[in-house]
Amino acid sequence: MINEEKKKYFEKFVERNMKRLIECQNLGLISDLFPIRVHIEPTNACNLRCIHCHHNNTGTSRQYSRKLGFMEMSVYKKTIDEIKAYGCEITLDNQGEPLLHPQIIEMVEYAKRNNIFVSILTNATRLSDDISRKLIDLKLDRIVFSFDSIIKDEYEKIRVNAKFESVLYNILNFIKLNYEAGMPTFVTLSNIPQKRNEN
């Protein structure tokens with residue numbers, strides 16, 4: 001029998017997409033639909049200085065000038081409380097490394113408690129065994145690993161300050177723990193195509 005929660009999620013998904021189809025056929029209408037996905041930035045701080053990123057401030061014109069900080073839990077909870085009725089997904093990412101936030105586990109837990117699909121985009125440098133187990137236990141819906149090369153030298157020249165073997169271990173360990181738990185979390189990979197890693 002289909003899990004009732006999944007059935008409701010699927011029904012909302014179909015209803016939203018039917019509305020979108022109707023709106024696409026009548027482009028003069030103003031949409032009353034909430035976005036399908038909301039990106040929430042737990043922090044804009046990052047521990048890496050990747051060559052393609054504005055955090056890498058080695059003389060590029062894209063130097064990062066925003067004040068670094070961490071989202072307060074009260075602001076995060078207010079955001080979740082305001083969007084939970086709309087059936088949208090959230091992605092914890094943006095211009096920082098979400099696992100640097102000291103309350104990232106509580107953030108995932110609060111959203112999951114409110115029946116929200118939660119995705120995290122991470123460089124996996126801070127993905128400890130403990131954090132992996134907690135995210136899997138919370139049934140994190142999706143984790144996206146930023147990993148730009150399977151060649152150590154290339155990877156470390158792109159992901160400045162990351163250690164290839166350590167990050168690869170963290171990712172493989174998460175996959176192993178997730179498999180042992182029945183694969184509640186969808187695992188995928190993200191990379192930035194560039195000359196250095198094109199092969």
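Our subject is the structure that appears above.
Now for a quick tour of the structure.

With that settled, the discussion passes to the overall build of the chain. Of regular secondary structure, the chain possesses 6 helices and 5 strands. N-terminal to C-terminal, the α/β element order of the chain is α-β-α-β-α-β-α-β-α-α-β. By the burial criterion, 39% of the 199 residues in the chain qualify as buried. Sequence separation of at least 24 residues holds for 71% of the intrachain contacts in the chain that already meet a minimum separation of 6. Working note: accessible area of the chain is about 12,100 Å², and carbon and sulfur atoms make up 55% of it.

With that settled, consider the pairing of strand β4 (residues 142–146). Across the 5 residues that make up β4, a large majority, 5, are buried. Judged by which residues are buried, β4 turns out to be covered on both faces: R142, V144 and S146 on one side and I143 and F145 on the other are all buried. In the classification by handedness, the crossover that spans strand β3 (residues 118–122), the intervening helix α4 (residues 129–137) and the parallel β4 is right-handed.

This brings us to the environment of L100. Topologically, L100 is positioned in the loop between β2 (89–92) and α3 (104–113). Sequence separation between L100 and L127 is 27 residues, and the spatial gap between their C-alpha atoms is 9.7 Å.

Residues I104, I105, M107, V108, Y110 and A111 constitute the buried set of α3. Tucked inside the fold, the buried residues of α3 contact α2 (73–83), β2, β3 and α4. In the stretch just after α3, N115 is the one whose phi turns positive, near 60°.

What follows concerns a nonpolar patch on the surface. A surface patch of nonpolar side chains, amounting to about 580 Å² of accessible area, comprises Y9, F10, F13, V14, M18 and L21. Within the secondary structure layout, F13 lies in helix α1 (residues 4–25). Looking at F13, the relative accessible area reads 45%, which means it is partly exposed.

On to the environment of R133. On the secondary structure map, R133 appears in helix α4. What makes R133 partly exposed here is its relative accessible area of 42%. Along the primary structure R133 and F174 are separated by 41 residues, whereas in three dimensions their C-alpha atoms are 7.8 Å apart.

The sheet built from 5 strands is open, its strands ordered β1-β2-β3-β4-β5 with parallel pairing. Either end of the sheet is taken by a strand with one partner, and the two such strands are β1 (37–40) and β5 (186–190). For this sheet the average axis-to-axis angle between neighbouring strands, irrespective of direction, equals 20°. Pairing of β4 with β5, which is carried by 5 bridges, proceeds in the parallel orientation.

The rules behind each value
Residues numbered from 1 in each chain as written. Predicted model: local features only at pLDDT ≥ 70, side-chain atom pairs only at ≥ 80, totals over all residues. Heavy atoms only, no water. Helix = DSSP H or I, 4+ residues; strand = E, 2+ residues; numbered from the N terminus. Buried < 20%, exposed > 50% of the residue type's maximum accessible area, 1.4 Å probe, protein only. Contact = heavy atoms within 4.5 Å. Areas by Shrake-Rupley, 256 points an atom, 1.4 Å probe, with all protein chains shown as cover. Right-handed = clockwise from strand over helix to strand, strands pointing away. Patch = residues over 30% accessible without salt bridge, like charges linked within 9 Å, V, L, I, M, F, W, Y side chains within 5 Å. Salt bridge = Lys/Arg side-chain N within 4 Å of Asp/Glu carboxyl O. Pairing = 2+ DSSP bridges. Axes fitted to C-alpha atoms, helices over the stretch in contact; angles between N-to-C directions.

Purely spatial values, then, with no claim about function.
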